[in-house]
Amino acid sequence: MTNAHILIVDDESHVTNALRRVLAYEGYRTSSATNGASALELVRLKAPDLVILDLMLPGNIDGLEVCRRLRETNAEIAVLMLTARATIAERVKGLETGADDYLVKPFALEELLARVKAVLRRKQPPDITRETLCFADLELDTATRQARRGQRLIDLSTTEYELLALFLRNPRIVLTRSLLMERIWGNDFEGGPNVLEVYIGHLRNKLEKQGEQRLIQTIRGTGYVLRLPGTRGQNI
């Protein structure tokens, strides 16, 4: 995304300064905040395209809480979380709050740039030609990027939208885990299969919030399929 605005949220000045330099060199516009409260205020004043968000922040609003609040108010902002914690549990926790990707400190600036470009690439603008994808009582508007179950509107994050659109464009077809990972996160993503399970959980929670029947079915040992309960799917 050319000339994208990136907000860097980190209390370590040497990290912030290094990121601002390398991102500016690549043509990105940048701003920065050193704590969660100021980050949320900057987002309120002018929403960025991407937030590079450190997990450990001073004060009573850490990176997880910032991410959680961002997702409550603006599902379209992409979030790349930075963390010094390398455990799978900590990474999954970050993804569960709505982060699109994560990077473990210390990291190479080249790797960060690759992750930034990948996240922004997935954050595509709305389709010029409006399209409504439908299956059963589920609809997805490609212009607003909102889903609907009956009369209930459902807001989606960028990654949730891409994942649901892929299912809706391939109804009743069993999509393998490897195919889903490749299409949504790309071949160079190192997050592992837990990332996919986290986002399938996000989608199911949103789509079934009022007790609606499950449409995204698990195919044990293979992947997932969008189909009505009790019906069969075709493998791909």
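So, here is what we can say about the structure in this document. In this text, all values refer to a predicted model and were calculated from it rather than measured experimentally. (Residues numbered from 1 in each chain as written. Predicted model: local features only at pLDDT ≥ 70, side-chain atom pairs only at ≥ 80, totals over all residues. Heavy atoms only, no water.)

### Section: the pattern of salt bridges
Inspection of the entire model under this criterion finds 17 salt bridges. Residues Arg 68 and Glu 65 are paired through a salt bridge, measuring 2.6 Å at the closest nitrogen-oxygen approach. In this pair, Arg 68 and Glu 65 both sit in helix H3 (residues 63–73), three residues apart, roughly one turn of the helix. On the basis of relative accessibility, which here comes to 36%, the residue Arg 68 falls in the partly exposed class. Across the salt bridge formed by Glu 212 and Arg 152, the nearest N and O atoms sit 3.0 Å from each other. One end of the pair, Glu 212, is in the loop between helix H8 (194–207) and strand S11 (216–219); the other, Arg 152, is in strand S9 (residues 152–155), with 60 residues separating them in the sequence. When sorted by exposure, Glu 212 lands in the same class as Arg 152, which is buried. When salt bridges that share partners are traced, they join Asp 10, Glu 12, Asp 54 and Lys 105 into one network. (Salt bridge = Lys/Arg side-chain N within 4 Å of Asp/Glu carboxyl O. Helix = DSSP H or I, 4+ residues; strand = E, 2+ residues; numbered from the N terminus. Buried < 20%, exposed > 50% of the residue type's maximum accessible area, 1.4 Å probe, protein only.)

### Structural notes on the packing of helix H2 (residues 36–45) against H3
Remark: H2 packs on H3, axes separated minimally by 10 Å, with the N-to-C direction vectors making an angle of 20°. The angle between H2 and H3 falls in the class roughly parallel. Every pair of crossing elements has a handedness; the one defined by H2 and H3 is right-handed. The residues of H3 that touch H2, namely those facing Gly 36, Leu 40 and Val 43, are Val 66, Arg 69 and Leu 70. Here the contact of H2 with H3 is composed, by residue class, of four nonpolar, one polar and one charged. (Axes fitted to C-alpha atoms, helices over the stretch in contact; angles between N-to-C directions. Parallel < 35°, antiparallel > 145°, perpendicular 65-115°, else oblique. Left-handed = near helix turned anticlockwise from the far one by under 90°. Contact = heavy atoms within 4.5 Å. Nonpolar A, V, L, I, M, F, W, Y, C, P; charged D, E, K, R; others polar.)

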